[in-house]
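Descriptive structure summary
Residues per chain, in single letters:
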Amino acid sequence: MSHVLSKSTFMYGCQCPKRLYLHKHSRDLRNPDDEQQQAIFDRGTNIGELARQLFKYGVDASPPDNYSYHLAVAKTTALIARDVPIIYEAAFQYEGILCAVDILVKQGKHWYAFEVKSTLSVKEQHVQDAALQYYVMINCGLPLQDISIIYLDREYVRKGALDIKQLFTTTSVLTEVLDQQRVISNKVKVLKNVLTQPEPPAIAIGPHCFAPYGCDFSNHCWAHMPTENSVFEFNATTAWKLFDAGYHHLDQIPADYKLPPKATLQLTQARSGQVYIDAESIWQFLQPITYPLYFFDFETIMPGIPEFDTCTPYQQIPFQFSLHIKQHATAELEHIDFLGDGITDPRPDLLEAMLTHLGNTGSIICYNMNFEKGRITDLAKTYPAAATHLHALNPRVVDLMAPFQKQWYYHPEFHGRYSIKAVLPVLVPELRYDQLEIPNGSLASLVYANLKHQDAITSTLQRQALREYCKLDTLAMVKLYEVLKAV
Ligand code: SF4
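Calculation notes
Residues numbered from 1 in each chain as written. Predicted model: local features only at pLDDT ≥ 70, side-chain atom pairs only at ≥ 80, totals over all residues. Pairing = 2+ DSSP bridges. Helix = DSSP H or I, 4+ residues; strand = E, 2+ residues; numbered from the N terminus. Axes fitted to C-alpha atoms, helices over the stretch in contact; angles between N-to-C directions. Contact = placed C-beta atoms within 7 Å. Near = placed C-beta within 6 Å. Nonpolar A, V, L, I, M, F, W, Y, C, P; charged D, E, K, R; others polar. Buried ≥ 20, exposed ≤ 12 C-beta atoms within 10 Å, placed from the backbone. Right-handed = clockwise from strand over helix to strand, strands pointing away.

**Description of the sheet that holds strand S12 (residues 364-366)**
Pairing is mixed across the open sheet formed by five strands, whose spatial order is S11-S10-S9-S12-S13. At either end of the open sheet lies a strand with only one pairing partner, and these are strand S11 (334-339) and strand S13 (397-399). The mean angle between the axes of side-by-side strands here comes to 25 degrees, regardless of whether they run parallel or antiparallel. In this structure, S12 lies alongside S13, joined through three bridges in parallel fashion. For Ile364, the partnering residue across the bridge sits in S13 and is Val397. On the sheet, helix H14 (residues 369-382) packs against strand S9 (293-301), strand S10 (317-326), S12 and S13 and is oriented at approximately 155 degrees with respect to S13.

Okay, here's the thing in structure tokens:
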């Protein structure tokens, strides 16, 4: 018998009943597939498989494909009847609701359910999801004694081989799950009813479009919003306030509407089409910057499962840097970079290259310096022998993002943003990220993390693309610095 709701579709419905409806009845309206979103999903799958080692020698009840969950339900029923004590992906169906629990364990006469999450804590949505699983399993007659979430322990530090018992931590959510049973039962009825309607529920866009997860129907539901000069170019609080008051486009905002100072400047420049420049503040910002100038940028990966010794789950690991150096005002621009091999821990060689080339004096110019400073501090903790040298770098760091973030330089075409990706195309249109094979840092991390699985030719091409991407980040900084100097 096919199911009406699964655990995922139930969660879609909890986020927004319209999302559930569209997922079931208008799948063609979904946003195009997102490669980075898929990578996050794959990471969850890997972590789930690793957690099975906490309960070894279980029998997998997974279906052969996504359309054959009835086979998984039948297999689970048979395994329980045979008293198999550990079942992976145990599937249950009750009144058209299907759910599969990652690990089901029998001890004595009772069963214990474990759901694996690739996060560093138990989130509200994990409890909701466990509450549905509990509801289905209990109503299927399973004597379930407890239900727990297994997740990554942020305190775990890898030393040698992975220690699975230390890597994961387990928390029972039974009390919260029991509290939610009545709500779940009602919610199931409401959502089933939503699915029988001829039209999707009339639900307006709202903060629920992004939480707890980004909705994959946003292109469809947000199509009525202006693509430029929308109120969503302000920060979220201001934007939703305006939206709720009925304003979608900046032109609709009344002249006497009271906005916060940054939004006021943004709106004024959008209306006038003029660039705003606070030359005095920019001059003050530039004063402490001294030659040699080091334009510096890291790229990082954040593996959930620590790959190298001394790493914790989701620690940011720098694998690459680009450095443009200008020794003095009329010197030729030099470029140096480093890229790990994609296999071994990149940090020791990266550290050596950094310290060799960043010198002892002169400003280190970054864009969003807290990121670079944070990685330098991490490296100092991991490599105490280099700590003095590393700690001497951070006071030299200057944040080139500040003049744009603080709106000392504001162009209406920034549309309220100040990231390098937003500022560069407006001020230095000849430098383009969108023509690169790797146009953003998230893709760079993904490509690097997968280098070890590529053949030699692909790996060579992708390494070149990574180097071009990171090089553009620091060249962009050189050019933006020149723009500010010319003010
Ligand atoms: S985009 Fe927003 S309103 Fe539309 S289905 Fe998704 S969550 Fe609901």
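More follows now that the structure is in view.
**Some remarks on the site of the ligand**
Around the ligand, the neighbouring residues are Cys16, Lys18, Arg19, Leu22, Ile203, Ile205, His208, Cys209, Cys215, Phe217, Ser218 and Cys221. When contributions to the shell around the ligand are tallied by element, the ones reaching two or more residues are helix H2 (17-25) and helix H9 (218-221). Here the shell around the ligand takes three residues from H2, the largest share from any one element. Here the residues of the shell around the ligand sort into eight nonpolar, two polar and two charged.

**A closer look at the pairing of strand S3 (residues 86-94)**
Burial analysis of S3 places seven of its nine residues in the buried class, the great majority of the element. Bridge count for strand S2 (residues 59-60) against S3 is two bridges, and the pairing is parallel. What sits directly across from Val59, in S3, is Ile87. After leaving S2, the chain enters helix H4 (residues 69-81) and then returns to the sheet as S3, a path that is right-handed. In the sheet, S3 pairs with strand S4 (residues 97-107) via eight bridges, with the strands oriented antiparallel. Among the inter-strand pairings, Ile87 is bridged to a residue of S4, identified as Leu104. Adjacent in sequence and paired antiparallel, S3 and S4 are bridged by two residues, among which Glu95 carries a positive phi angle near 45 degrees.

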